[in-house]
Amino acid sequence: MHDLTRCVLHPAVSHVGFASLAVPTYRASTIRYEDAQSFAERWDRGFDGYTYGLHGTPTTRTLEGQISELHGGIRTILVPSGQAAITFTMLPFLRPGDRVLIPDHVYGPVRQFCCDYLAPRGIGHTVYDPMIGSRISDVITGGTKLVWIESPGTGTMEVQDVPAIIRAAKAKGALVGCDNTWATPLLFKPLAHGADFAVEALSKYVGGHSDLLLGSITVSDIELHRQIKLVVHHTGVAVSPDEVSLALRGIETMGVRVAHAGRVSVAFAERMQQFAVVERVLHPALPSCPGHEFWKRDFSGSAGLFSVVLKPEVAAQLGPAMKALKLFAIGASWGGTRSLIAPMAVKAHRTAVPWPHDGTILRISIGLEDPDDLWNELESLLRTLESGLTS
Ligand SMILES: *Cc1c(COP(=O)(O)O)cnc(C)c1O
């Protein structure tokens, strides 16, 4: 053997006596086959077999299997983002003439996808009141193929009556998908309530460090899995094993991160109600939150994301006051170790039910910093705004 060949062929080393707690990161485009026959018959391996790096490696299958177990599903499909997880749940099942129902508080890009991509292709959508509950029956028309749920809504925090919506949708033969990003499978399991798809942005709590983008779709029906896999397969969509490897690391600590952020978020939400500049705190764990009773009934705890509505009078002072923030970063993709604040305006985006507040919404994601340091900074922000109220 010559050196050039030695460069390309790696030596086989012993694995005897070696066991790591970490999941190996398998990078692969090519999958190597034992013989010509197994290569010729590779497509017979189906979606659970290995055929090409694009369609899965042991690294991606490990995370898929882990999320399936957490959700009590039978298969999970990983896609490159949370948004892709939503669109790849819609695309396989919607044809021209069909309709999808989306809640008024839905993650913004989903509404845009419905308007800008689905509508021109003859696929309709109806925006419904997130608090509609079993009355969703009245909105489900003959063409309705899919009812979308996001609970709580990750800007305005309304908790939906998920079991009632699922019962009504099933009675009319519609599929139900649930964006479960806020809860993670640790706090709520949509499939256990009869949802067809549990969808999550792993970019948030599973990744947990604001450095990766991934989404997952979990199902408990093998035929639904097949239909989604077909579209993912044919469109050439795949996830990077390196991203998945980061998610496999992140998910190990998700339990303590979410529990901690949840505890701190409830404490802060309660305290923030006392401030004159705060018109309303929106947190599923507070009795004043729309759907609080469903959160108490269906969820096993709180996550670290909540919102406060500020008095409209302080709108002009907000930008300058936020310049003083040192711990809270201004940004959108929540669920990381670093606490975030995102000022949001929702009124103009609501089409089903008018949003009753004019003030800016501050969406707050609690991270892993010392809670006292975080509270000092929040309190000082609110006091600065308060001085603007009285002057
Ligand atoms: C962030 C988010 C998404 C999108 O996830 P990306 O990975 O950023 O595409 C979808 N739904 C909810 C509720 C989210 O918070």
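Note that the coordinates shown come from a computational prediction; the quantities given were computed from them, not determined experimentally. (Residues numbered from 1 in each chain as written. Predicted model: local features only at pLDDT ≥ 70, side-chain atom pairs only at ≥ 80, totals over all residues. Heavy atoms only, no water.)

Participant: Which residues make up the sheet that holds strand 8 (residues 278-282), and what values go with them?
Facilitator: Sheets are built from strands that pair by backbone hydrogen bonding, the pairs being arranged parallel or antiparallel. Here five strands make up an open sheet; going across it, the order is 8-9-12-11-10 and the pairing mixed. Edge strands, defined here as strands with exactly one partner in the open sheet, are strand 8 and strand 10 (329-330). By the bridge criterion, five bridges tie strand 9 (residues 305-310) to strand 12 (residues 361-365) in an arrangement that is antiparallel. Directly across from Ser-307, in strand 12, lies its bridge partner Arg-363. Packing against the sheet, helix 10 (residues 254-272) makes contact with strand 8, strand 9 and strand 12, and its axis sits at approximately 10° to strand 9. Sheet contacts for helix 12 (residues 315-322): strand 9, strand 10, strand 11 (340-344) and strand 12; angle to strand 11, the most-contacted strand, approximately 155°. (Pairing = 2+ DSSP bridges. Helix = DSSP H or I, 4+ residues; strand = E, 2+ residues; numbered from the N terminus. Contact = heavy atoms within 4.5 Å. Axes fitted to C-alpha atoms, helices over the stretch in contact; angles between N-to-C directions.)

Participant: Can you tell me about the environment of Ala-174, naming the residues and giving the values?
Facilitator: Among the structural elements, Ala-174 can be located in the loop between helix 6 (162-171) and strand 5 (175-179). What makes Ala-174 buried here is its relative accessible area of 2%. Once the C-alpha coordinates of Ala-174 and Ser-20 are considered, the two residues, 154 residues apart in sequence, prove to be 45 Å apart. Non-local contacts of Ala-174, meaning those with residues more than four positions away in its chain, are made with Thr-144, Lys-145, Val-147, Ala-169 and Asp-196. (Buried < 20%, exposed > 50% of the residue type's maximum accessible area, 1.4 Å probe, protein only.)

Participant: Talk me through the site of the ligand; I want residue IDs and the actual numbers.
Facilitator: Surveying the vicinity of the ligand reveals 14 residues, the closest of which are Gly-82, Gln-83, Asp-179, Ser-203 and Lys-204. Gln-83 is positioned with one of its backbone polar atoms (N or O) 2.9 Å from an oxygen atom of the ligand. At 2.6 Å, a side-chain N or O of Ser-203 approaches an oxygen atom of the ligand. Within the complex, the protein chains bury 92% of what would otherwise be the 380 Å² of accessible surface of the ligand. The greatest single-element share of the shell around the ligand, amounting to three residues, is contributed by helix 4 (residues 82-90). Class assignment of the residues belonging to the shell around the ligand gives a composition of five nonpolar, six polar and three charged. (Near = heavy atom within 4 Å. Polar contact = N/O pair within 3.5 Å; in protein donor to acceptor, adjacent residues only side chain to side chain. Areas by Shrake-Rupley, 256 points an atom, 1.4 Å probe, with all protein chains shown as cover. Nonpolar A, V, L, I, M, F, W, Y, C, P; charged D, E, K, R; others polar.)

Participant: Talk me through the side chain of Ser-302; I want residue IDs and the actual numbers.
Facilitator: Mapped onto the secondary structure, Ser-302 falls in the loop between helix 11 (292-298) and strand 9. Setting aside chain neighbours within four positions, we find Ser-302 in contact with Trp-182, Leu-187, Val-258, Gly-262, Ser-265, Val-266, His-283 and Trp-295.

Participant: Could you give an account of a nonpolar patch on the surface, with specific residues and numbers?
Facilitator: On the surface, a nonpolar cluster with roughly 340 Å² of combined accessible area is contributed by Met-1, Val-8 and Leu-9. Examined against the element boundaries, Val-8 turns out to sit in helix 1 (residues 3-8). (Patch = residues over 30% accessible without salt bridge, like charges linked within 9 Å, V, L, I, M, F, W, Y side chains within 5 Å. Salt bridge = Lys/Arg side-chain N within 4 Å of Asp/Glu carboxyl O.)

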